[in-house]
Amino acid sequence: MTARSANGVRGHLLNLIDGTVVFRVYDAEHNFVDYDLHHSDLSVTIDDTDAYFYQRDGQDILDHAPMTLGMTDGT
């Protein structure tokens, strides 16, 4: 096993078709590695202008922006 710090690495959290959530990291040639998440309390900063929080029927949701989802009134 080898180890290297992940601190400062930019990537994407992806929900794969089978329901698995991975952290995907691309290199300069657009190759990628999908890392399985085992970290129990990972600190995350969202850097995505298309990310919005919603509250609906007692449920808290993180999704795309209303316009991306085709919502005209934000609901």
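In what follows, the structure referred to is the one given above.
Scope of this entry: the structure provided in the associated data block.

Procedures and definitions
Residues numbered from 1 in each chain as written. Predicted model: local features only at pLDDT ≥ 70, side-chain atom pairs only at ≥ 80, totals over all residues. Heavy atoms only, no water. Helix = DSSP H or I, 4+ residues; strand = E, 2+ residues; numbered from the N terminus. Buried < 20%, exposed > 50% of the residue type's maximum accessible area, 1.4 Å probe, protein only. Pairing = 2+ DSSP bridges. Axes fitted to C-alpha atoms, helices over the stretch in contact; angles between N-to-C directions. Contact = heavy atoms within 4.5 Å. Polar contact = N/O pair within 3.5 Å; in protein donor to acceptor, adjacent residues only side chain to side chain. Salt bridge = Lys/Arg side-chain N within 4 Å of Asp/Glu carboxyl O. Patch = residues over 30% accessible without salt bridge, like charges linked within 9 Å, V, L, I, M, F, W, Y side chains within 5 Å. Areas by Shrake-Rupley, 256 points an atom, 1.4 Å probe, with all protein chains shown as cover.

**Remarks on the environment of M67**
Item 1. Summarising the element assignment, M67 is placed in the segment after β5 (59-64).
Item 2. Given the relative accessible area of 70%, M67 is considered exposed.
Item 3. Separated by 55 residues in sequence, M67 and H12 have C-alpha atoms that sit 21 Å apart.

**Things to note about the sheet that holds strand β1 (residues 12-15)**
Item 1. Ordered in space as β1-β2-β3, the three strands form an open sheet in which the pairing is antiparallel. With one partner strand each, in any of the chains shown, β1 and β3 (32-36) form the two edges of the open sheet. Across the sheet, the mean angle separating the axes of adjacent strands is 35° when strand polarity is ignored.
Item 2. In this structure, strand β2 (residues 21-26) lies alongside β3, joined through five bridges in antiparallel fashion. When the bridges of β3 are listed, R24 appears paired with D34.

**Focus: the environment of R24**
Item 1. Among the secondary structure elements, R24 is positioned in strand β2.
Item 2. Sequence-wise, R24 and D36 are twelve residues apart; in three dimensions their C-alpha atoms are separated by 9.0 Å.
Item 3. When sequence neighbours within four positions are dropped, the list of residues in contact with R24 reads G11, H12, L14, L16, F32, V33 and D34.
Item 4. A distance of 2.6 Å separates a polar atom in the side chain of R24 from a polar atom in the side chain of D34.

**Brief notes about the pattern of salt bridges**
Pairs can form between side chains of opposite charge once their charged atoms are near each other.
Item 1. In total, this model carries two salt bridges according to the counting rule given.
Item 2. Of the charged contacts, one joins R10 and D47 as a salt bridge, the two residues approaching to 2.8 Å between their closest N and O atoms. Placement of the pair is R10 in the segment before β1 and D47 in the loop between β3 and β4 (51-56), with a sequence separation of 37 residues.
Item 3. Of the residues examined, D47 reaches a relative accessible area of 57% and is grouped as exposed.
Item 4. Two residues, D34 and R24, come together in a salt bridge whose shortest N-O distance is 2.6 Å.

**Examining a nonpolar patch on the surface**
Item 1. A cluster of nonpolar side chains, contributed by L13, V21, L37, L42, V44, I46, F53 and L62, occupies part of the molecular surface with about 790 Å² of accessible area.
Item 2. Tracing the backbone through its elements, the reader meets L13 in strand β1.

**Observations concerning the pairing of β2**
Item 1. As defined by bridge partners, β1 adjoins β2 across four bridges and the pair is classed as antiparallel. Across the sheet, the residue bridging to L13 is F23, located in β2.
Item 2. In this antiparallel pair of consecutive strands, β1 and β2, the connection spans five residues, and G19 shows a positive phi of 90°.
Item 3. Hairpin remark: β2 followed by β3, antiparallel, with five residues in the connecting loop; positive phi at H30, about 70°.

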